[in-house]
Amino acid sequence: MSLELHNVGRTFKGKTAVQNISFSAKPGEIIGLLGTSGCGKSTILRAISGLDTDYDGDISINGNTSKEIHDTTGFIFQEPRLLPWLDVLENVTFGLKGKKQEKEVLAKEYIESVGLQGNEHLYPRELSGGMAQRVAIARALVTSPEILLLDEPFSALDAFTKMQLQDLLLDVWKTYQSTIVLVTHDIDEALYLCDRVIILRGQPGEIDRDILIEEKRPRARGSEKMAALKTEILESLDLNKPSSITS
Ligand SMILES: Nc1ncnc2c1ncn2[C@@H]1O[C@H](COP(=O)(O)OP(=O)(O)OP(=O)(O)O)[C@@H](O)[C@H]1O
């Protein structure tokens, strides 16, 4: 499903948070939004999802520019936001319409696709952070969203679990072919996962650069090419300077 933002801006109580945001995503493309804290990344995701409709400009999802919650989008947050009184299966079926048995068959397919088969009847308190985030991914995917919006989905996880879930995301993306917009602070993550990385800067946040990552997947983490792109991104964020702190 295609996505297009044209001159999107958002002002909160007279203060502009983001402005002049224009970019498009082709069906199945993975777009990264990268930028320092407060430049408006989450604000843009909320506008795309329709959770926030008070933005300026146009957002078109497959040609539809209406400002409403889009059921063609799925959202994954930094924390899993599972319902503690429901088990894994019930968390994934929650919000689905239809007969109980059909919902459960569908949910089990997605629970399996995130590697949690056999854990359907565990409660959120019985899950590790990585398992809980896998449930959140299954819950977002079960509605077959054509656009998946991820807001720093792996930033609360340890380094190993983070890498596992990045690979899992690529696996499910290959299977379900959603268009993905990923907000992240992690340059390595953006370079590993994305087809394009959009760099936002300033307050109000604006697009500074739109970098195409042409490297074929699977990508080698930390390859020379990736290191060169990382340096380029750090420089464009003014973060590649020697520290001025002396010992
Ligand atoms: N509901 C709101 N009411 C008022 N101001 C808001 C609201 N939501 C966001 N803002 C402001 O908009 C700006 C951008 O916030 P946003 O959360 O989108 O940034 P971000 O780039 O996602 O930040 P971070 O990387 O720290 O999560 C900030 O100055 C923030 O204070």
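Please read all numbers here as calculations on a predicted model, not as lab measurements.

Thresholds, definitions, all that
Residues numbered from 1 in each chain as written. Predicted model: local features only at pLDDT ≥ 70, side-chain atom pairs only at ≥ 80, totals over all residues. Pairing = 2+ DSSP bridges. Helix = DSSP H or I, 4+ residues; strand = E, 2+ residues; numbered from the N terminus. Axes fitted to C-alpha atoms, helices over the stretch in contact; angles between N-to-C directions. Contact = placed C-beta atoms within 7 Å. Near = placed C-beta within 6 Å. Nonpolar A, V, L, I, M, F, W, Y, C, P; charged D, E, K, R; others polar. pLDDT = per-residue confidence, 0-100. Core = buried A, V, L, I, M, F, W, Y, C linked by C-beta atoms within 7 Å. Buried ≥ 20, exposed ≤ 12 C-beta atoms within 10 Å, placed from the backbone. UniProt positions renumbered as here; feature names shortened; annotations may be inferred.

A. Expanded view of the sheet that holds strand β4 (residues 56-61). Across the sheet, which stays open at both edges, the 3 strands sit in the order β2-β1-β4 with antiparallel pairing between neighbours. Unpaired on one side and paired on the other, β2 (15-25) and β4 mark the two borders of the sheet. Strand-to-strand twist across the sheet, computed as the mean angle between neighbouring axes with direction ignored, equals 20°. Where helix α1 (residues 41-49) meets the sheet, its contacts fall on β1 (3-12), β2 and β4, and the angle it forms with β1 comes to roughly 120°.

B. Geometry of the site of the ligand. Every residue lining the ligand is accounted for by Phe 12, Ala 17, Gly 35, Ser 37, Gly 38, Cys 39, Gly 40, Lys 41, Ser 42 and Thr 43. No other element matches the 3 residues that α1 contributes to the shell around the ligand. Residue composition of the shell around the ligand, by class: 3 nonpolar, 6 polar and 1 charged.

C. The confidence of the model for the chain, seen in detail. Averaged over all residues, the pLDDT of the chain is 92; the fraction at 70 or higher stands at 97%. When mean pLDDT is compared element by element in the chain, helix α2 (residues 88-93) scores highest at 98, while helix α7 (residues 224-236) scores lowest at 89. The ipTM assigned to the predicted complex is 0.98, against a pTM of 0.93.

D. View of the nonpolar core. Val 92, Ile 111, Ala 138 and Val 181 are the most contacted members of the largest nonpolar core, which totals 61 residues. Setting aside anything within four residues of it in sequence, one finds Val 92 in contact with Ala 107, Tyr 110, Ile 111, Val 135, Ala 138, Arg 139 and Val 142.

E. Spatial organisation of unusual backbone geometry. Residues Gln 203 and Pro 204 are joined by a peptide bond in cis, for which omega reads 5°. Note on placement: Pro 204 falls in the loop between β8 (196-201) and β9 (206-212). Of note, Lys 13 is a non-glycine position whose phi angle comes to about 45°, a positive value. Summarising the element assignment, Lys 13 is placed in the loop between β1 and β2.

F. Quick look at the sheet that holds strand β5 (residues 73-76). Spatially, β5-β6-β7-β3-β8-β9 is the arrangement adopted by the 6 strands of the open sheet, whose pairing is mixed. What marks the edges here is a single partner per strand, and that holds for β5 and β9. Neighbour to neighbour, the strand axes of the sheet diverge by 20° on average, direction disregarded. Here strand β3 (residues 30-35) pairs with β8 via 5 bridges, running parallel. Considered in β8, the bridge of Gly 32 is made with Val 197. Strands in contact with helix α4 (residues 129-141) are β5 and β6 (147-151); relative to β5, the strand with the most contacts, it is inclined by about 170°.

G. View of the UniProt feature "domain: ABC transporter" (unreviewed entry) in the chain. When the UniProt feature table is mapped to this numbering, "domain: ABC transporter" (unreviewed entry) covers residues 3-227. This span, residues 3-227, is 32% helix and 27% strand, and a straight line between its end C-alpha atoms measures 29 Å.

H. Local environment of the pairing of β9. Where β8 lies against β9, 6 bridges are found, and the strand directions are antiparallel. Among the inter-strand pairings, Leu 200 is bridged to a residue of β9, identified as Ile 207. Two successive antiparallel strands, β8 and β9, enclose a turn made up of 4 residues, where Gly 202 displays a positive phi of approximately 90°.

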